[in-house]
Amino acid sequence: GLPVDHPDRTVLQVVSGLLDSQSGRLFLSLREARGLAYGVWARAESGFGAGLFTAGLSTDPARIDEARAGLLAELARLCRDRVPAPELAKVRRMLLGLEAMRLQRVSGRAADLARATRTGQAPGRAAFAHRLEAVTPDRVLEVCRALRLDAPTVVTVLPEAAGGRSR
């Protein structure tokens, strides 16, 4: 992931949006098309000095290898292929909507002001919209490649009934 004051933080939020949600790549490919997952997620979390990016799924223990391969293939595709403009536009709209909801809460506005103070970036939805518009398909590729999203650390966690091991 990336720290809160990193200039590519918004790009990583877009990457998360491309993968996450019921219209995201992980849901459409792994859950809907292939029936490999009960649930999917992708999160870009930023902190001071560090950040964390996670993507994952829950699946039948008997299908772990197939599900892992599908997840890795979707991450590799983000590092290999340019995101189509309509897909990028859809994710921008979704992220703007989520930002509008977040800024309706006092805690969201306070976090926005704290981030703006730390980073020097303007606060608010309009400023976020401007940063989103600067995210291009080429920037998505560059950031995915720089963060090596095509070669992640993979952790598999099984419930006790299935052996209770991690690998």
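Refer to the structure above for everything that follows.
These lines cover the structure that appears in this document, whether it is placed above or below. Remember, predicted model here, so these are calculated numbers, not experimental data.

### Focus on the layout of surface pockets
Piece 1. Estimates place the volume of the largest pocket at around 770 Å³.
Piece 2. Lining the largest pocket are 29 residues, and of these Arg9, Gln13, Ala44, Glu99 and Arg102 lie nearest its centre.
Piece 3. Of all the secondary structure elements, the ones that give two or more residues to the lining of the largest pocket are α1 (9–19), β1 (39–46), α4 (85–102), α5 (106–119) and α6 (125–133).
Piece 4. Counting residues per element, the lining of the largest pocket draws most heavily on α1, which supplies six residues.
Piece 5. Approximately 660 Å³ is the volume attributed to the second largest pocket.
Piece 6. Along the wall of the second largest pocket there are 26 residues; nearest its centre are Ala55, Gly56, Leu71, Val154 and Val155.
Piece 7. Sorting the residues of the lining of the second largest pocket by element identifies β2 (51–58) and α3 (64–80) as the ones contributing at least two each.
Piece 8. Class assignment for the residues of the lining of the second largest pocket results in 18 nonpolar, seven polar and one charged.

### Describing α6
Piece 1. For α6, the full list of buried residues reads Ala127, Phe128, Arg131 and Leu132. Down the axis, α6 shows its buried residues gathered within 140° of arc, on one side only. Residues of α6 that are exposed and point more than 90 degrees away from the buried face comprise Ala126, His130 and Glu133.

### Some points on helix α2 (residues 25–33)
Piece 1. The set of residues buried in α2 consists of Arg25, Leu26, Phe27, Ser29 and Leu30.
Piece 2. Elements in contact with the buried residues of α2: α1, β1, β2, α3 and α4.
Piece 3. Looking one or two residues past α2, glycine 35 carries a phi angle of roughly 60°, positive in sign.

### Focus: the environment of arginine 80
Piece 1. Tracing the backbone through its elements, the reader meets arginine 80 in helix α3.
Piece 2. Those residues in contact with arginine 80, other than ones at most four positions away along the chain, are Leu141 and Arg145.
Piece 3. At a separation of 3.1 Å, a polar atom in the side chain of arginine 80 contacts the side chain of aspartate 81.

### Comments concerning the environment of aspartate 60
Piece 1. Relative to the helices and strands, aspartate 60 resides in the loop between β2 and α3.
Piece 2. Sequence separation between aspartate 60 and arginine 77 is 17 residues, and the spatial gap between their C-alpha atoms is 24 Å.
Piece 3. At 2.8 Å, the side chain of aspartate 60 and the backbone nitrogen of alanine 62 are in polar contact.

### A word on the nonpolar core
Piece 1. Within the largest apolar cluster, 33 residues are counted, with the highest numbers of intra-cluster contacts made by Val14, Val15, Leu19, Leu78 and Val140.
Piece 2. For this core, the leading source of residues is α1, giving six residues.
Piece 3. Apart from residues lying up to four places away in sequence, leucine 19 is in contact with Gly24, Arg25, Leu26, Phe27, Ala42, Phe53, Leu75 and Leu78.

### With respect to the pairing of β1
Piece 1. Where β1 and β2 come together, eight bridges link them in antiparallel fashion. Within the sheet, the bridge partner assigned to arginine 43 lies in β2 and is threonine 54.

Thresholds, definitions, all that
Residues numbered from 1 in each chain as written. Predicted model: local features only at pLDDT ≥ 70, side-chain atom pairs only at ≥ 80, totals over all residues. Heavy atoms only, no water. 1 Å grid on protein atoms, 1.4 Å probe; cavity = no way out; pocket = protein on both sides within 12 Å on 5 of 7 lines; lining within 4 Å. Points joined across faces, edges and corners; volume = space filled by probe spheres on them. Helix = DSSP H or I, 4+ residues; strand = E, 2+ residues; numbered from the N terminus. Nonpolar A, V, L, I, M, F, W, Y, C, P; charged D, E, K, R; others polar. Buried < 20%, exposed > 50% of the residue type's maximum accessible area, 1.4 Å probe, protein only. Arc of directions from axis to C-beta. Contact = heavy atoms within 4.5 Å. Polar contact = N/O pair within 3.5 Å; in protein donor to acceptor, adjacent residues only side chain to side chain. Core = buried A, V, L, I, M, F, W, Y, C linked by side-chain atoms within 4.5 Å. Pairing = 2+ DSSP bridges.

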